[in-house]
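# An overview of the molecular structure
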Amino acid sequence: MSRALVIQLARLGDLIQTLPAITALAQRHGFAALDLLCAAPLAPVARWFPGIDRVIEWDGASWRRYAEQWRSGGVRSLDEARRSMDELLDPRYDVVFNLNQHPRAILVAHLAGREVVGAGETGPLSSDLPPWGRYLRGVARNRRGNRIHLADAFCGLCGVTPPAVVPRLTVPQKPVPLDLDAVGSSTGVWVAVIVGAGAPERCMPIAVWIDWITSFLDGCPTGGVVLVGSGTERERAAAIQDGLPPVCLSRIWDACGRTDLQQLVVLLARCTWVIGADTGPLHLAASVGTKVMGWYVARARVHETGPYGEGHWIWQADRNPPQTWPVRESLTLLASLEAEAASPEVDGWSLWTSRFDRWGTFYVTPGADDNAPEREEAWNACSIGFPLGKDRPVAQSF
Amino acid sequence: MSLFDDNVAMIASKQPALADAVRKGRGGVFSVEPARSGLPTARLNGRWVHSAYDPVAEAAQWAEAQIPDCQSGELIVLFGAGLLYQAEALTKLLVGDFAFLLVIPDPDELCDAATARRWGPELGRWDWASGNAEAIADRIVSFKRPIRLLSYDPAASCTGEIRRQIEQHLQRHLANQAGGRVHVALIGPIHGGSLPLARYSATALERLGHRVSFIDHSVHLSSYQSLGTLKDPRHGLAMQSKFAELLSRVTLARLAEDPPDVVLALAQAPVILPMLELLRKKQFLTAMWFVENYRHLTYWQQLAGGFEFWFVIQKDGCSDALRRAGARHVCYLPTAADPAVHRPIVLAPQETDEYGADVSFVGAGYPNRRAILPQLLGHPWTFKLWGNEWEGAHNLRSVLQRQGARIDTETCVKVFKATKVNLNLHSWNGPGLDPEGDFVNPRTFELAASGAFQLVDRRRLLGELFTDGEVCTFASEHELPAAVGRWLREPEARAAVATAARRRVLAEHTYEHRMRDLLGMLGVHRPDRVGSLLGGERQAGRLASDASTPPDLASLLAAFPPTQRVDLKDLAGCIRAKGPTAQLSRDELLVLMLDAYREETRDLV
């Protein structure tokens, strides 16, 4: 029986999007152990991944320190690096599935395993990319029409087709701050509003949020709004609340900076919808089964970072910054769940909805066909060496 | 055996002579009394050396603060033994391959410590060094390990002078070690008197075999000056300040592209505190050579805490002021001369006519010079005045050359050579000689290096740099005309003094000497960062023969010339050169990994 490791050292969104690949690997191969190496701050999230035996925390700060120590200790500073690597990843894995194309992840993969699948599989110094690596790089560079979801491309990198069912994270049992306990406890539509975004140019203006929340609460007599964000976004949340009519405030719960990742997941799972422009929490919400409506501007692209699974909605801005925001249209959509009723013809925006089939998740405009041949072709082109629709045969060693 | 005998036996096992001296000692350096915790504590001249409450807890706290700096393999040298609580605490906390040495300038101090309490077994790991500074320094060097100097200040107050002397010996020892190559990024000013000194320093470092990245901001001078022509002076000052900030960022970009071992800024270099804080965060070793009078230019107050090391041309008052402002290390480093620039030259007859005079002065029109130099008029000697900023000095118009234009270094050297008595009058904004005059200006060294005779106003620090037979002085402006007259009458004596001065400069006062001292000083305080480089520990041959170097890396190192310095990036480059299909060992992969993080660490922009 072989031991396997999945490497995903990127940010929260990418980690969540690794879940389908992990699920598929766990289902298709009888590994004696399937472990996951991820950035240390994200380890609490990774521990809820079904199918993972052990989460290994990668502490980049320590490695920066070892690199620094070379200046004072020279070759001797290798000792500490070697010890650290041994503590983390000894004995070596039979196979390592590496999902990151940067040199550090490729080096870790070769240090950790006898065989590497995915990025760096042709050698630690080779600049050759595997077909799925080339596909992803082409998408990132050319922004060309991409119809394979990143999470499914991760499956391809690991040599497996997407899982048959959209995988879900198990919602942790963790108490939230007492005043937030009311979230989702009454009937009605509960919406989690992600007040910020990873980059300032992707943030929705505060005035737009005020308009959106006021209109939503006006039109929805029950339920409430939870403001979600990090500690650095508290001021944004406060500014939004300052702009709301006093009558709305009794239906607003401010969770900004007051939850850890586990508590955030608990809150997102209790909501009916999660809306916002920050892709990381949107992925997190989708992974616990909450419907997502994303407003994607600047570098956020629906086909690359749309939430995984079926029934999510993404408004994609065609220009940056957007001149207008589809406030009314998104509210109509939320109320009716019918794209046609939402009159999705909004200047500067396109509306996309997610579906799921044997090739994974894909986004289409409402009413469009499922572009299955196009996606099948992409899988065919990238899955060289193993029959279409089948998983890549594993090496003799495992 | 008594407690005292048991303690002294620990010394005797390592240093019998010191043990004898302790046995014969009378003690009485410390006044020992019980602390609240019941353990003995001590005072020195009425001030507590250890905590009056709990000396053990205090020592543990002190030791903990020292740990992050100490690197395995080092010799820990402790100044300030006190009752040895600190030495014990340090030994308990330091894990790794360390050697320990206590500096004991006065055996009576140790006699008190041996009488006061029973020493812990940890002290069995310590060695002892006593005697004069040279003997102690030799003992330190004999360990052949990187040296980490630690000081327990409350107990080290009586060792201040000997410590300074020991450091000087250690610096010299480091400087004499051959082969080590340090990469210094030297940040020059946009303009001003420190600009040529920056260039001389860069050249000197290169002559010493080090690698220099000279970040020359003088190329931005015309832009900087054009900002000063804005009509509203406030706009001009604001823009010039912003421009200096921009140049600070340019410096960061240069440092990021080719990270040095040492960042050395010369006075007036465009650096701002946030830049220095970022460099500190990124573990750059920074130093400033402040070749200015700290009483006149006071911007050091804003930057004191930003540089890790300050080198200054003044002593006590200056060092104290900088330390009060937050400077961590302040070292005295006078200016010097570059003998390749300031040298005896042969003048053509027409040059002798043009530049020659009985008496000359080269310099800017500071108030004290405007007040003193007219005394040299109306005498039977010829007098020429060279330099700029003499506007309004109507009484000196007859002797002012080239209508007060700024003159270049080459012309200066010609004037020095063609003049019988070169007057060197340190600048001051008062009417006479600077009553606080301490530092020695670069002109003193330059005149001496040029083989020229000079008459210089007396300075407090001059005596330790030149003897009376090398540089002649005058103590007040009233003595000046008589002194000039006397030396003009004694050409042979002038020649002898000038020759001796040049000899002294060549032996002790070139920029090579200064840069060697500067790096030596950094090496003593940062043995892991600079000391090891100076000692050649990063050379391919040394690395390859190091027992801790894995065989596969040793074979890579064999490809480099034995004396070539090999850094992480060099080794990583060597591994990458194996090509895309190479099978790499675990250690080779680790080297590449560290190199990937090294590149990230240097992201400054």
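Residues numbered from 1 in each chain as written. Chains lettered and ligands numbered in written order. Predicted model: local features only at pLDDT ≥ 70, side-chain atom pairs only at ≥ 80, totals over all residues.

## Some details on the overall build of chain B
The condition is simple: Helix and strand assignments follow DSSP, with helices taken as H or I runs no shorter than four residues and strands as E runs no shorter than two, numbered in order from the N terminus. We call a residue exposed when 12 or fewer other C-beta atoms sit within 10 Å of its C-beta, buried when the count reaches 20 or more, and partly exposed for counts in between; the C-beta positions come from the backbone.
Assigned secondary structure in chain B consists of 26 helices and 18 strands. Considering only C-alpha atoms, chain B reaches an extent of 85 × 75 × 50 Å along its principal axes. Out of the 605 residues in chain B, the part that is buried amounts to 45%.

## Focus on the overall build of chain A
Put simply, the rule is: Based on C-alpha atoms, the radius of gyration is set beside the globule rule, defined as 2.2 Å times the residue count to the power 0.38. Throughout, a pair of residues is in contact if the C-beta atoms placed from their backbones lie within 7 Å.
Secondary structure assignment for chain A yields 16 helices and 13 strands. Over its C-alpha atoms chain A spans a radius of gyration of 22 Å, differing by no more than 12% from the 21 Å that the globule rule assigns to 398 residues. Dimensions of chain A, computed from C-alpha atoms along their principal axes, come out at roughly 65 × 50 × 35 Å. By sequence separation, contacts in chain A at least 24 residues apart represent 62% of the contacts at least 6 residues apart.

## Focus: the sheet that holds strand 12 (residues 309-312) of chain B
All names here are of chain B. Test applied: Strands qualify as paired when DSSP identifies two bridges or more between them. Simply put, an axis is a line fit to the C-alpha atoms, just over the touching stretch for a helix, and the angle between two N-to-C directions goes from 0 to 180 degrees.
Pairing is parallel across the open sheet formed by 6 strands, whose spatial order is 9-8-10-11-12-13. Strands at the two margins of the open sheet, each flanked by one partner only, are strand 9 (211-215) and strand 13 (329-332). Taking each pair of neighbouring strands and ignoring which way they run, the sheet shows an average axis angle of 20°. Judged from the 5 bridges that link them, strand 10 (residues 262-266) and strand 11 (residues 285-290) form a sheet pairing that is parallel.

## So, the interface of chain A and chain B
The extent of an interface is frequently quoted as the accessible surface area lost upon association of the parts. For clarity, the cut-off: Three classes are used, and their members are as follows: Ala, Val, Leu, Ile, Met, Phe, Trp, Tyr, Cys and Pro are nonpolar, Asp, Glu, Lys and Arg are charged, and the others, Gly among them, are polar.
Taken residue by residue, the interface counts 27 residues in chain A and 31 residues in chain B. The set of elements that each furnish at least two residues to the side of chain A that touches chain B consists of helix 4 (60-73), helix 5 (78-89) and helix 6 (103-112) of chain A. Of all the elements, helix 4 of chain A adds the most residues to the side of chain A that touches chain B, at 9 residues. Looking at the side of chain A that touches chain B, its residues break down into 13 nonpolar, 7 polar and 7 charged.

## A closer look at unusual backbone geometry
Residue and element names in this part refer to chain A. A cis amide bond, omega 0°, links Asp90 with the succeeding residue Pro91. Within the secondary structure, Pro91 is located in the loop between helix 5 and strand 4 (93-98). In this chain, Asn320 is followed by Pro321 through a cis amide linkage whose omega measures -5°. In this structure, Pro321 sits in the loop between strand 11 (313-317) and helix 15 (327-336).

## Comments concerning the environment of Ser2 of chain B
All names here are of chain B. By the element assignment, Ser2 lies in the segment before helix 1 (3-12). Ser2 sits in the exposed class, given 9 other C-beta atoms within 10 Å. Here the alpha-carbon distance between Ser2 and Gly463, two residues 461 residues apart in the chain, equals 52 Å.

## Quick look at the sheet that holds strand 16 (residues 419-424) of chain B
Residues and elements named next belong to chain B. The 5 strands are arranged 15-14-16-17-18 in an open sheet whose pairing can be described as parallel. Each edge of the open sheet carries a strand with a single partner, namely strand 15 (383-386) and strand 18 (472-474). When strand polarity is set aside, the average angle formed by the axes of neighbouring strands in this sheet is 25°. Strand direction decides the pairing type here: strand 14 (residues 357-362) and strand 15, joined by 4 bridges, are parallel. Among the inter-strand pairings, Ser360 is bridged to a residue of strand 15, identified as Lys384. Taken strand by strand, helix 17 (residues 409-418) contacts strand 14, strand 15 and strand 16, and its axis lies near 120° from that of strand 16.

## Remarks on the pairing of strand 6 (residues 126-130) of chain B
All names here are of chain B. What counts, and what does not: Here the term right-handed applies to a crossover when the path leading from its first strand over the helix to its second strand runs clockwise, the strands being oriented away from the viewer.
Burial analysis of strand 6 places 4 of its 5 residues in the buried class, the great majority of the element. Relative to strand 6, strand 5 (residues 99-104) is paired through 5 bridges, and the arrangement is parallel. Bridging across to strand 6, Phe100 finds its partner in Trp126. The parallel pair strand 5 and strand 6, bridged by helix 5 (residues 107-116), forms a crossover whose chirality is right-handed.

## Some remarks on the nonpolar core
Convention followed: Take the buried Ala, Val, Leu, Ile, Met, Phe, Trp, Tyr and Cys residues, join any whose C-beta atoms are within 7 Å, and the set you get is a nonpolar core.
Ranked by internal contacts, the top residues of the largest apolar core, which has 156 residues, are Leu78, Val263, Phe290, Trp310, Phe311 and Val312 of chain B. With residues near it in sequence (within four places) discarded, Leu78 of chain B still touches Gln86, Ala87, Leu102, Val103, Leu150 and Tyr152 of chain B.

## Details of the confidence of the model for chain B
All names here are of chain B. The condition that has to hold: The quantity called pLDDT is the predictor's confidence in a given residue, expressed from 0 to 100.
Looking at chain B as a whole, the pLDDT averages 92, with 98% of positions reaching at least 70. Within chain B, the element-level pLDDT minimum falls on helix 8 (residues 160-176), averaging 80, and the maximum on helix 18 (residues 442-449), averaging 98. Both confidence scores are given for the complex: pTM 0.74, ipTM 0.87.

## Some words on the packing of helix 9 (residues 206-219) of chain A against helix 15 of chain A
All names here are of chain A. Put simply, the rule is: The sense of a crossing depends on the near helix, which, turned anticlockwise from the far helix by less than a right angle, makes the crossing left-handed and, turned clockwise, makes it right-handed.
Viewed as axis vectors pointing N to C, helix 9 and helix 15 meet at an angle of 35°, and their least axial separation amounts to 10 Å. Between helix 9 and helix 15 lies a crossing whose hand is right-handed. Taken together, the residues of helix 15 that come into contact with helix 9 (itself represented by Val208, Asp211, Trp212, Ser215, Phe216 and Gly219) are Val327, Leu331 and Ala335. When grouped by side-chain class, the residues that make up the contact of helix 9 with helix 15 number 6 nonpolar, 2 polar and 1 charged.

## Some details on the environment of Tyr152 of chain B
All names here are of chain B. Of note, Tyr152 is situated in the loop between strand 7 (147-151) and helix 7 (153-156). C-alpha separation for the pair Tyr152 and Glu354, spaced 202 residues apart in sequence, amounts to 61 Å. Excluding anything up to four places from it in sequence, Tyr152 contacts Trp62, Leu78, Gly80, Gly82 and Gln86.

## Considering the packing of helix 18 of chain B against helix 20 (residues 491-508) of chain B
Residues and elements named next belong to chain B. Inclusion rule: Angular relationships are summarised with four words: roughly parallel below 35 degrees, roughly antiparallel beyond 145, roughly perpendicular across 65 to 115, and oblique for the angles in between.
Where helix 18 meets helix 20, the closest approach of the two axes is 7 Å, and the angle between their N-to-C directions is 110°. On the basis of their axis angle, the class for helix 18 and helix 20 is roughly perpendicular. Handedness of the crossing formed by helix 18 with helix 20: left-handed. In this structure, helix 18 uses Phe445, Ala448 and Ala449 to contact helix 20, whose residues at the interface are Ala501, Arg502, Arg504 and Val505. Its residues assigned to classes, the contact of helix 18 with helix 20 comprises 5 nonpolar, no polar and 2 charged.

## Overview of the pairing of strand 5 of chain B
Residues and elements named next belong to chain B. Of all 6 residues in strand 5, 5 are buried, a share of seventy percent or more. Inspection of the sheet shows strand 4 (residues 75-79) paired to strand 5 by 5 bridges, in the parallel sense. Looking at strand 5, one finds that Val77 is bridged to Leu101. With helix 4 (residues 85-93) bridging strand 4 and its parallel neighbour strand 5, the resulting β-α-β unit is right-handed.

## Notes on helix 5 of chain B
Along an α-helix, residues three or four apart share an orientation, since each turn contains 3.6 residues. Residue and element names in this part refer to chain B. For helix 5, the tally of buried residues reaches 8 of 10 residues, placing the bulk of the element in the interior. Those residues of helix 5 not exposed but buried are Pro107, Glu109, Leu110, Cys111, Asp112, Ala113, Ala114 and Ala116. Looking at the buried positions of helix 5, the neighbouring elements they touch are helix 1, helix 2 (16-24), strand 1 (31-34), strand 2 (40-44), strand 5 and strand 6.

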